[in-house]
Amino acid sequence: MSKIFFIPGLGANELVFDNIENLPLEKVNVKWLENEGDESINSYALKLIKTYKINENHTVAGLSFGGILAQEIARILELDKVVLISSLRDIQDLRSVYRFGLKTGLYRLAPNFRIPVIDEIIAYNLNSNNQKSKPILKKMLEQTDYGLLKWSLQKIADLPKRPKDNFTVYNIIGDNDKILKPWQNEHTTIIDGGSHFMVYEKAEEVTLALIDILK
């Protein structure tokens, strides 16, 4: 059976994909690896490819920042498609307040260690006030590596203008996402009421969209 690799996003880990199941491909949840200083996206993607033995016969899906890495893996391996879940192609897909925060470098003021109030801010922007998802979101934020988080934000801030890629981008996005603009392409599935954390909160609908893409 072929595989689909799921890469989590900022403030999240592999637990976010727990409710995604019954896919036609074997599901592999990717765990964050430690970054090496100011490591490039390309270098980190190569490290994931090597660690997880991802090859050209596999499919890669990315949540949020994980989608940036998924696209880089697709470029390196010359995959024919990539799946973005609540993710972006470049900084222009972010809502204006987040573009401003990245362009001005405000994120650099955040410490490299966990502060509960920052957890609360991240949680507010990730979920849609869904009470069922709050415990798992809290658990993930408690496990977040804030040094890696800041590295990820720097990489988003430094993203070049969207390249013309040869792979197909499948976009699964919610219409209640506080972080992303509701961007669309010709392969977009919009999840009604979906927040940035919809992969967990609305896993059944996201799963159906994935099955349709992978069939």
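Quick caveat: nothing in here was measured; it's all calculated off a predicted structure.

So, unusual backbone geometry
Point 1. Backbone geometry places K53, a non-glycine residue, at a positive phi of 55°.
Point 2. Within the secondary structure, K53 sits in the loop between α1 (41-52) and β3 (59-63).
Point 3. Residue K53 is classed as exposed on the basis of its relative accessible area, which comes to 63%.
Point 4. Phi is positive for E78, close to 55°, though the residue is something other than glycine.

Structural notes on the pairing of β3
Point 1. Buried residues dominate β3, accounting for five of its five residues.
Point 2. The sheet contact formed by β3 and strand β4 (residues 81-85) spans three bridges and is parallel. Note that in β4 the partner of L63 across the bridge is I85.
Point 3. Tracing the backbone out of β3, into helix α2 (residues 65-77) and back to the parallel element β4 gives a crossover that is right-handed.

Examining the environment of D90
Point 1. With respect to the helices and strands, the residue D90 is situated in the loop between β4 and α3 (96-103).
Point 2. Taking the C-alpha atoms as reference, D90 lies 9.5 Å from D158; in sequence the two are 68 residues apart.
Point 3. With residues up to four places along the chain from it excluded, the contact list for D90 reads L159, P160, K161 and R162.
Point 4. At a separation of 3.0 Å, a polar atom in the side chain of D90 contacts the main-chain amide nitrogen of Q92.

With respect to the sheet that holds strand β2 (residues 26-29)
Point 1. Read across the sheet, six strands follow the order β2-β1-β3-β4-β5-β6 without closing on themselves; strand pairing throughout is parallel. Taken across any chain shown, the strands that pair with only one partner, and hence form the sheet edges, are β2 and β6 (188-191). Neighbour to neighbour, the strand axes of the sheet diverge by 20° on average, direction disregarded.
Point 2. Packed on one face of the sheet, α2 meets β1 (3-7), β3 and β4 and runs near 155° to β3.

With respect to the nonpolar core
Point 1. With 40 residues, the main nonpolar core has I7, L48, F65, L69, I73, L94 and I156 as its most contacted residues.
Point 2. Counting only elements with at least two residues in this core, the list comes to β1, α1, α2, β4, α6 (146-157) and β5 (168-174).
Point 3. In terms of residues, this core owes the most to one element, α2, which gives seven residues.
Point 4. Each residue touching F65, except ones within four places of it in the same chain, is listed here: G9, L10, W32, I41, W151, S152, K155 and I156.

Quick notes on the rules
Residues numbered from 1 in each chain as written. Predicted model: local features only at pLDDT ≥ 70, side-chain atom pairs only at ≥ 80, totals over all residues. Heavy atoms only, no water. Helix = DSSP H or I, 4+ residues; strand = E, 2+ residues; numbered from the N terminus. Buried < 20%, exposed > 50% of the residue type's maximum accessible area, 1.4 Å probe, protein only. Pairing = 2+ DSSP bridges. Right-handed = clockwise from strand over helix to strand, strands pointing away. Contact = heavy atoms within 4.5 Å. Polar contact = N/O pair within 3.5 Å; in protein donor to acceptor, adjacent residues only side chain to side chain. Axes fitted to C-alpha atoms, helices over the stretch in contact; angles between N-to-C directions. Core = buried A, V, L, I, M, F, W, Y, C linked by side-chain atoms within 4.5 Å.

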